[in-house]
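# Notes for the structure review
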Amino acid sequence: MRLEKCWFCSSTVYPGHGIQFVRNDAKVFRFCRSKCHKNFKMKRNPRKVKWTKAYRCLHGKDMTQDSTFEFERKRNRPERYDRNVTEQTLKAIPLITKIRHERQKKHITNRQKQGKTKERERDAKELEQDIQMLPKKDVMLSTQKTKVVVKVSQQQTEENLMEE
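Per chain, residue numbering runs from 1 following the sequence as it is written. Thresholds applied to this predicted model are a pLDDT of at least 70 for local features of residues and 80 or more for the giving and counting of side-chain atom pairs; totals over whole chains, interfaces and linings are not thresholded and use all residues. Only heavy atoms go into the side-chain values, all of them from the structure, while hydrogens and water stay out.

Now for unusual backbone geometry. With the exception of glycine, most residues fall at negative phi, and the peptide bonds are largely trans. Here S10, not a glycine, exhibits a phi torsion of approximately 70°, which is positive. Helix and strand definitions here come from DSSP, where helices need a minimum of 4 consecutive H or I residues and strands a minimum of 2 consecutive E residues; each element is numbered from the N-terminal end. For S10, the location among the structural elements is in the loop between β1 (4-5) and β2 (12-13). Of note, the phi angle at A26 is positive, near 70°, even though the residue is not glycine. Buried residues are those whose accessible area, probed at 1.4 Å on protein chains only, stays under 20% of the maximum for their type, while exposed residues exceed 50% and partly exposed ones sit between those limits. Classification of A26 by relative accessible area gives exposed; the value is 57%.

As structure tokens, then:
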């Protein structure tokens, strides 16, 4: 069973699904649904349409460079069947998917850090502007700073003076 990729949105096209368009120069375009086919006919650029894989990769929304993507690439060279290699490959697939999911989670959390810091700054600024709206008790608690008392013995100061 051969799974193709949609030319417009890069999602998988299963056998018997989607639309196939063949241009006069014999170039074949496969589309997963009519939405992609219509956008192609309207000559839209997939890198500028926000819901496509090309847009997400271009704008840093998805992972683009990762060694786990090497296993998904289409290979046109026929390979000789070897039972041991096939068995090892089938055992490695769950491990590879687990690694890919962990890396994607890490990528997403790293992307969200910037938004969280901006949100905190925005909240702090709003609090400074609208501090008078809070009840007096809360304002007193938030504005009070704790003082730390550090005891310095006379011997330590004399030793410091002698060293200088």
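That was the structure; now back to the text.
Attention now goes to the side chain of N39. Among the structural elements, N39 can be located in helix α1 (residues 34-41). Overall, N39 belongs to the buried group, its relative accessible area being 7%. For N39, the residues in contact, after removing those within four places along its chain, are F8, R44 and W51. We call two residues in contact when some of their heavy atoms are within 4.5 Å.

A separate point is the packing of aromatic side chains. Classification of ring pairs uses Phe, Tyr and Trp, with its six-membered ring standing for Trp, and accepts pairs whose centres are within 6.5 Å; under 30 degrees between planes counts as stacked, over 60 as edge-to-face, and the remaining range as tilted. On inspection of all chains with the given rule, the structure shows seven aromatic pairs. Seen in terms of ring centroids, W7 and F29 are 5.3 Å apart; in terms of plane orientation they differ by 90°. Their pairing is edge-to-face. One end of the pair, W7, is in the loop between β1 and β2; the other, F29, is in strand β4 (residues 28-31), and 22 residues separate them in sequence. Ring plane angle 80° and centroid distance 5.1 Å describe the contact between W7 and F40, whose orientation is recorded as edge-to-face. Taken together, the positions of W7 in the loop between β1 and β2 and F40 in helix α1 put the pair 33 residues apart, joining distant regions of the chain. Among the aromatic residues, those joined into a ring-pair cluster are W7, F21, F29, F31 and F40.

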